[in-house]
Amino acid sequence: MVAAAHSLPALAANEYFRDFTITSPGQALDIFDLEKTAKDHVPPAHWASLIGGTEGDQTVLANRQGFTRFRVKPRRLVDTSKLDMSVTLFGRTWPTPIIIDPVSRLKAFHPDGEVAVAAAAKKRDHLQIYATLATSSIDEVLAARQEPVWCQLYPTADWAITQGLVKKQEAAGCPVLVVTIDNPSTFGRITAARGKQNDTRTCTDCHSPEPGGPYMRLPMFDGLDTTKLTATTTNKLTWDLIPRLRDLTTMKIILKGVMSGSDATLALEHKVDGIIVSDHGGRSEESGLSTIEVLPEVVRAVGGRMPILIDSGFRRGSDIFKALALGATAVCVGRPYVWGLAAFGEAGVDRALEILTEEFKSAMISFGAPNVASIDRSFLFESSL
Ligand SMILES: Cc1cc2nc3c(=O)[nH]c(=O)nc-3n(C[C@H](O)[C@H](O)[C@H](O)COP(=O)(O)O)c2cc1C
């Protein structure tokens, strides 16, 4: 066999000069600059839990690789001078389709935690989803955000606690309940466990060996009897959860963690208001399948009958463009804003959101799409991996 005359370069040109250390948010040229800086600010156990996935972390990798399966065919001579990146969700119009995912325990990455994120979300007008396991209280977050946030729910195995959480979220004025259904266990988090082995601190602020201990200290659990609670996730849940939640609340219900057309169909049958295609950023299971690869079958199953959000692995404006072209309504991000938070607090979250927005804008201009409605499947060429 004759060897190829030219081999592919080992690095994308973009990766040269990555050793450069940045000391202010404005020096970050892309999300990966924030990731690199964040690593220096976060202790090993927390860092490993942030970047790790399950078992060999293949789903984390797949979430990035999946995007390479879809290439964009740009259109030429399209007037994009009055670019409109806005999207509308449940009657509220947002300037961009970029949404802030719920990520637990943000004070593990910066002392300002969820409040810093809320302040950045307010400045740039992004929708924020507040996590059940947040370390800042919902009142603090609402004071900084100055507008209702969506609330994420981990339906625990203890219905009394689930009820208590939902009632608190409703009382806080949350219009949409984001029910996470993709995390029936936290087994297999090997990278996170390895990070702990490499961390000599005793972090009793974050972890407690007693039952009820870790949750008692999280604000959403204040006043709830958590003495029998040993985990916030459970593998007991079935689809009858949805009517039970419907009976409990008038909030709209979105399911976070759908990864098949069949479950999207079941979600429709159970009359939920929307779904998030998500594998928890590769933390749910070692399937090696990316969310962007699953999106087309979910879009087919839903047939435009409810909004489809998506997350996991979104790092570039062109990633966002591809998801919208495949039929997603909006895109959520997790680690990118946490890297900004860990690196520079609120200013880092602001920079992460700015980078993603600017890159998405640039994708729309260079691909020739003047508004979000014009981004459709005709832009994409699909290749096999
Ligand atoms: C450290 C960490 C904590 C998370 N905590 C939660 C959580 O409490 N609730 C939830 O629904 N999702 C949680 N997620 C998943 C995110 O909401 C989101 O699905 C994921 O981060 C998206 O992938 P990305 O990080 O590649 O953008 C967490 C993710 C990470 C990395």
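Residues numbered from 1 in each chain as written. Predicted model: local features only at pLDDT ≥ 70, side-chain atom pairs only at ≥ 80, totals over all residues. Heavy atoms only, no water.

(A) Structural context of the overall build of the protein. Along its length, the protein carries 14 helices and 12 strands. Computed over C-alpha atoms, the radius of gyration of the protein comes to 21 Å, within 12% of the 21 Å expected from 2.2 N^0.38 for 385 residues, which places it in the range of a compact globule. Overall, the C-alpha framework of the protein stretches about 65 × 50 × 50 Å when taken along its three principal axes. Here the protein, with 385 residues, has 54% of them falling under the buried criterion. (Helix = DSSP H or I, 4+ residues; strand = E, 2+ residues; numbered from the N terminus. Rg over C-alpha atoms; globule rule 2.2 N^0.38 Å. Buried < 20%, exposed > 50% of the residue type's maximum accessible area, 1.4 Å probe, protein only.)

(B) Quick peek at the site of the ligand. Around the ligand, 22 residues are found, and the nearest of them are Pro102, Thr180, Asp311, Gly313 and Arg315. In the environment of the ligand, an oxygen atom lies 2.9 Å from a nitrogen or oxygen atom belonging to the backbone of arginine 335. In isolation the ligand has 600 Å² of accessible area, and contact with the protein removes 99% of it. For the shell around the ligand, the secondary-structure elements that each account for two or more residues are helix H2 (44-51) and helix H13 (335-344). Here the shell around the ligand is composed, by residue class, of 6 nonpolar, 10 polar and 6 charged. (Near = heavy atom within 4 Å. Polar contact = N/O pair within 3.5 Å; in protein donor to acceptor, adjacent residues only side chain to side chain. Areas by Shrake-Rupley, 256 points an atom, 1.4 Å probe, with all protein chains shown as cover. Nonpolar A, V, L, I, M, F, W, Y, C, P; charged D, E, K, R; others polar.)

(C) Representation of the layout of surface pockets within the structure. Of the pockets and cavities examined, the second largest pocket occupies roughly 710 Å³. Lining the second largest pocket are 28 residues, and of these Phe32, Arg64, Gln65, Arg315 and Arg316 sit closest to its centre. Looking at the lining of the second largest pocket, the elements that each hand over two or more residues are helix H1 (31-41), helix H3 (58-65), strand S1 (70-72), helix H12 (317-325) and H13. Examining the composition of the lining of the second largest pocket, we find that 5 residues originate from one element, H3, more than from any other. (1 Å grid on protein atoms, 1.4 Å probe; cavity = no way out; pocket = protein on both sides within 12 Å on 5 of 7 lines; lining within 4 Å. Points joined across faces, edges and corners; volume = space filled by probe spheres on them.)

(D) Structural detail: the pairing of strand S8 (residues 252-258). Among the 7 residues in S8, 6 count as buried, and that is most of the element. Where strand S7 (residues 176-180) meets S8, 5 bridges bridge the pair, whose relative direction is parallel. For valine 179, the partnering residue across the bridge sits in S8 and is leucine 255. Of the pairings in the sheet, the one linking S8 to strand S9 (residues 274-277) comprises 4 bridges and is parallel in character. By the bridge assignment for S9, lysine 256 is matched with isoleucine 276. Since S8 and S9 lie parallel, the crossover through helix H10 (residues 261-269) that links them has a hand, and here it is right-handed. (Pairing = 2+ DSSP bridges. Right-handed = clockwise from strand over helix to strand, strands pointing away.)

(E) Broad picture of the packing of helix H4 (residues 113-124) against helix H14 (residues 346-367). Viewed as axis vectors pointing N to C, H4 and H14 meet at an angle of 45°, and their least axial separation amounts to 8 Å. One element, H4, and the other, H14, form an angle in the oblique class. The way H4 lies across H14 gives a crossing that is right-handed. Of the residues in H14, those in contact with Ala116, Val117, Ala119, Ala120, Ala121, Lys123 and Arg124 of H4 are Glu346, Val349, Asp350, Leu353 and Glu354. Within the contact of H4 with H14, the residues separate by chemical class into 7 nonpolar, no polar and 5 charged. (Axes fitted to C-alpha atoms, helices over the stretch in contact; angles between N-to-C directions. Parallel < 35°, antiparallel > 145°, perpendicular 65-115°, else oblique. Left-handed = near helix turned anticlockwise from the far one by under 90°. Contact = heavy atoms within 4.5 Å.)

(F) Fine view of the sheet that holds S7. Taking strand neighbours across the sheet as the criterion, the 8 strands line up as S4-S11-S10-S9-S8-S7-S6-S5 in an open arrangement whose pairing is parallel. Because the sheet does not close on itself, it has two edges, and the strands there are strand S4 (98-100) and strand S5 (129-130). Strand direction decides the pairing type here: strand S6 (residues 150-153) and S7, joined by 3 bridges, are parallel. Along S7, the bridge assignment pairs glutamine 152 with valine 178. On the sheet, helix H6 (residues 159-171) packs against S6 and S7 and is oriented at approximately 175° with respect to S6.

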